[in-house]
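# Notes for the structure review
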Amino acid sequence: MVNYNEALEIIKREFEKLTLNTEEVDLLESFNRILAEDVIADVDLPPFDNSAVDGYAIKFSDRTQWNIIGEISAGNFSSFTLTENDAVLITTGSKLPMNTDTIIPIEDVEVNGNDLSLKQSSFFKRGMNVRTQGNDLKKNEIAVHRFTKIDAKTIAVLASCGKEKVKVYSKLKAAILATGDELVPINEKPEGDKLRVSNIFSLHAAIREMNQAVINLGFVKDDKEIITQKIKTALEMNIDLLITTGGVSVGKYDLLKEVFEKQGVKKKFWKVNIKPGKPIYFGVYEKSERRILVFGLPGNPVSSLVNFYVFIKPAIEFLFRQNEINTITAILQKDLKKKDGKRHFSRGILFEENGEWKVTSEFSQSSGNLVEMSRANCLIEIDEEKLNPKKGERVKCILI
Ligand code: AMP
Ligand code: MG
């Protein structure tokens, strides 16, 4: 059995070896994808000196009275040559007329016909209210760095650089397979000792949340032959990750480890010193150029999803150099029971009160309680050495 940190390191090292493919997509389709190139500005940003306000463009001097000789609005530039005596009405964003360097806001002047004068209480400085060409970014500099996740902020920069097509990393492809004799499809009412297969849906959604691709392989019974067939087919698919659920514990029908081994998957670890999700298996399948990372997760829907959040998600973020801020330190509102040396990921509800983050954990913490998990918004991470954290202590919470 390995500790959490070691297990995550092992997983990250294997993710690092995956081949990252790239593809070109239309700018709008690049939303939420990871940029696979440094995008260089092909123009200065902003592309010309322009006014930051609605006002009057002048050539700076110690005058406080001018003669208005015309106007310029955004996109409708007119050529004027101003003397120190002159001013041109200018709107926000408009290109400055030649020979001007200062804009006096409309609120600071009085206008009488063509006569313009500074209000008594107002003042101005040289260069005031001018956004200079290239002030945001100079032409040929990097506008957006490789590995940036393209969001509403960055897409505007890409548009300003004329990127109609964007090179992004191809999505990782994951396949999900559930195992268990107890499982029935969700359109059936479970009878007796059966239950609806639910964890493939949560894992599917979790992968989609990360904007990666996922294939649903459904579920199979705890039958060595059938599982073998399914795993064999899966390992022949063009996928990066194979995620199975169920059958990785120590029971008589926990068949996955054996099947993985027989199919040539090299085990990296089995069992991590955590709760929930301890039986997690991780291995690597390599054939010619192909590499598939294999995760055998326990069947309990809470355990498998916690495993995803604390192993697979951080590894994908690591692979794509994403530095997501997804933890918050909060004050525990009630004592938590923890008597063992495992790392716990307890379900909690984070909230803000009087400017402080607080976390409650009024849950049974049973790994069978999916509804509880669905009502939590964080996992309270408690280190191996820490025992029974008390009300009032600060704890690390992973947002989920
Ligand atoms: P296992 O890891 O195979 O020992 O499964 C542990 C328990 O998790 C089972 O007894 C079921 O109650 C539950 N379970 C297993 N697989 C699934 C699944 N695909 N969807 C929902 N619950 C499951
Ligand atoms: Mg099972």
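Structure: above.
Along every chain, residues carry numbers that run from 1 in the direction the sequence is written. Think of it this way: whatever chain is written first is A, whatever ligand is written first is 1, and the rest follow in order. Owing to the predicted nature of the model, reporting of local features is limited to residues with pLDDT of at least 70; listing and counting of side-chain atom pairs is limited to 80 or more, with chain, interface and lining totals taken over all residues. Hydrogen atoms and water are omitted, and side-chain values are computed over all heavy atoms in the structure.

### A few points about the overall build of the protein
This is how it is decided: Helix and strand definitions here come from DSSP, where helices need a minimum of 4 consecutive H or I residues and strands a minimum of 2 consecutive E residues; each element is numbered from the N-terminal end. The atom set for the radius of gyration is the C-alpha atoms, and the globule formula is 2.2 Å times the number of residues raised to the power 0.38. The classification of residues rests on relative accessible area computed with a 1.4 Å probe and restricted to protein chains. Under 20% of the type maximum is buried, over 50% is exposed, and intermediate values are partly exposed. Residues count as neighbours in contact if any of their non-hydrogen atoms are within 4.5 Å of one another. Working definition of accessibility: Shrake-Rupley area with a 1.4 Å probe, residue cover restricted to the visible protein chains.
Along the protein, the regular secondary structure elements total seven helices and 26 strands. For the protein, whose C-alpha radius of gyration is 30 Å, the value lies well above the compact-globule estimate of 21 Å for 400 residues. Overall, the protein is about 95 × 55 × 40 Å in size when its C-alpha atoms are taken along their principal axes. When the 400 residues of the protein are sorted by exposure, 47% land in the buried category. Within the protein, counting contacts between residues at least 6 apart in sequence, those at least 24 apart form 70% of the total. Accessible area for the protein stands at about 20,500 Å²; split by element, carbon and sulfur atoms hold 47% of it.

### A few points about the packing of helix α1 (residues 4-16) against helix α6 (residues 301-319)
Quick reminder of the rule: Each axis is a line fitted through C-alpha atoms, and for a helix only the stretch in contact is used; angles between axes span 0 to 180 degrees, taken between their N-to-C directions. Each angle is binned into one of four classes, with values under 35 degrees roughly parallel, values over 145 roughly antiparallel, values of 65 to 115 roughly perpendicular, and all other values oblique. Each crossing gets its hand from how the near helix is turned against the far one by less than a right angle, where anticlockwise is left-handed and clockwise is right-handed.
Where α1 contacts α6, the two axes come as close as 9 Å, and the packing angle between them is 45 degrees. In terms of their interaxial angle, α1 and α6 are classed as oblique. Crossing of α1 over α6 shows right-handed handedness. Here Y4, A7, L8, I11, K12, R13, F15 and E16 of α1 come into contact with α6, specifically with V310, F311, P314, A315, I316, F318 and L319.

### So, the side chain of R291
Heads up, the condition is: In protein, a polar contact means a hydrogen-donor-capable atom and an acceptor-capable atom, both N or O and within 3.5 Å, with residues adjacent in sequence counting only if both atoms are side-chain atoms; elsewhere, any N or O pair within 3.5 Å suffices.
Looking at where R291 falls in the secondary structure, it is placed in strand β21 (residues 290-297). In this structure the side chain of R291 is engaged in a polar contact, spanning 2.2 Å, whose partner is the side chain of E14. Here E286 takes part through its side chain, which lies 2.5 Å from a polar atom of the side chain of R291. In this view, R291 contacts E14, K17, L18, I239, D240, V284, Y285 and E286; residues no more than four positions away in its chain are not counted.

### Some points on the pairing of β21
So the rule is basically this: If DSSP finds at least two bridges between two strands, the strands pair.
β21 sits mainly inside the fold: seven of its eight residues count as buried. Bridge analysis of strand β17 (residues 241-245) against β21 gives five bridges, and the strand direction is parallel. Opposite L242, over in β21, you have V294 as the bridge partner. Note that strand β20 (residues 281-287) and β21 share seven bridges and pair antiparallel. The partner of V284 across the bridge, within β21, is L293. Where β20 folds back on β21, the antiparallel hairpin that results is connected by two residues, among which S288 adopts a positive phi of roughly 40 degrees.

### Description of the site of ligand 1
The test is simple: Throughout this document, a residue counts as near a molecule or strand when at least one of its heavy atoms sits within 4 Å of that molecule or strand. All residues other than Ala, Val, Leu, Ile, Met, Phe, Trp, Tyr, Cys, Pro, Asp, Glu, Lys and Arg, Gly among them, are scored as polar; the first ten of these are nonpolar and the last four charged.
Around ligand 1 sit 15 residues, and of these E182, S198, N199, G247 and G299 come closest. Here G299 contributes a backbone N or O atom positioned 2.7 Å from an oxygen atom of ligand 1. If ligand 1 stood free it would expose 490 Å²; the protein chains cover 76% of that surface. Residue classes in the shell around ligand 1 are distributed as six nonpolar, seven polar and two charged.

### Section: a negative patch on the surface
Quick note on the threshold: Only residues whose relative accessible area exceeds 30% and that form no salt bridge are eligible for patches; like-charged ones are grouped when within 9 Å, while nonpolar side chains (Val, Leu, Ile, Met, Phe, Trp, Tyr) are grouped when within 5 Å. Salt bridge, as used here: a side-chain nitrogen of Lys or Arg that lies within 4 Å of a carboxyl oxygen of Asp or Glu. Charged residues are defined narrowly, with Lys and Arg counted positive, Asp and Glu counted negative, and His plus the chain ends left uncounted. The atoms used to mark charge sites are NZ of Lys, CZ of Arg, CG of Asp and CD of Glu.
There is a patch of like negative charges on the surface, built from D181, E182, D223 and E225. When you line up the elements, D223 lands in the loop between β16 (213-220) and α4 (224-236). Assessed through its relative accessible area of 31%, D223 is described here as partly exposed.

### Here's the deal with the sheet that holds strand β9 (residues 115-118)
Judged by pairing direction, the sheet is mixed, and its six strands sit side by side in the order β7-β4-β6-β5-β9-β8 without closing on themselves. Each end of this open sheet is capped by a strand with a single partner; those strands are β7 (102-105) and β8 (109-112). Each strand of the sheet is rotated relative to its neighbour by a mean of 40 degrees, with strand direction disregarded. Taken together, the four bridges between β8 and β9 define a ladder with antiparallel strand orientation. What sits directly across from N112, in β9, is D115.

### Overview of the packing of aromatic side chains
Where we set the bar: What counts as a ring pair is set by centres within 6.5 Å for rings of Phe, Tyr and Trp (its six-membered ring), and what kind of pair is set by the plane angle: stacked under 30 degrees, edge-to-face over 60, tilted for all other angles. Definition used: whenever NZ (Lys) or CZ (Arg) falls within 6 Å of the ring centre and also within 35 degrees of the ring normal, the charge is taken to sit over that ring.
Under the counting rule described, the total for this entry stands at 11 aromatic pairs. Members of the aromatic cluster, joined through ring pairs, are F15, F269, F282 and F295. Cation over ring: K257 sits above W270, and NZ or CZ is 4.0 Å from the ring centre.

### Some thoughts on helix α3 (residues 199-209)
The condition is simple: Picture the helix axis, draw a direction to every C-beta atom, and the arc is the one those directions span.
If you check which residues of α3 are buried, you get N199, I200, S202, L203, A206 and I207. Summarising the axial view, the buried residues of α3 lie within an arc of 160 degrees, below the 170-degree limit, and thus occupy one face. Of the exposed residues in α3, the ones pointing more than 90 degrees away from its buried face are R208 and E209. Summarising the contacts, the buried residues of α3 are in contact with β13 (173-179), β16, β17, β21 and α6. Downstream of α3 by one or two residues, N211 has phi in the positive range, about 60 degrees.

### Observations regarding the pattern of salt bridges
Within this structure, the stated rule accounts for 23 salt bridges. With its nearest N and O atoms 2.3 Å apart, the salt bridge here joins R13 to E9. Within this pair, R13 and its partner E9 are both found in helix α1, separated by four residues, close to a single helical turn. As a salt-bridge pair, R291 and E14 come within 2.2 Å of each other at their nearest N and O atoms.

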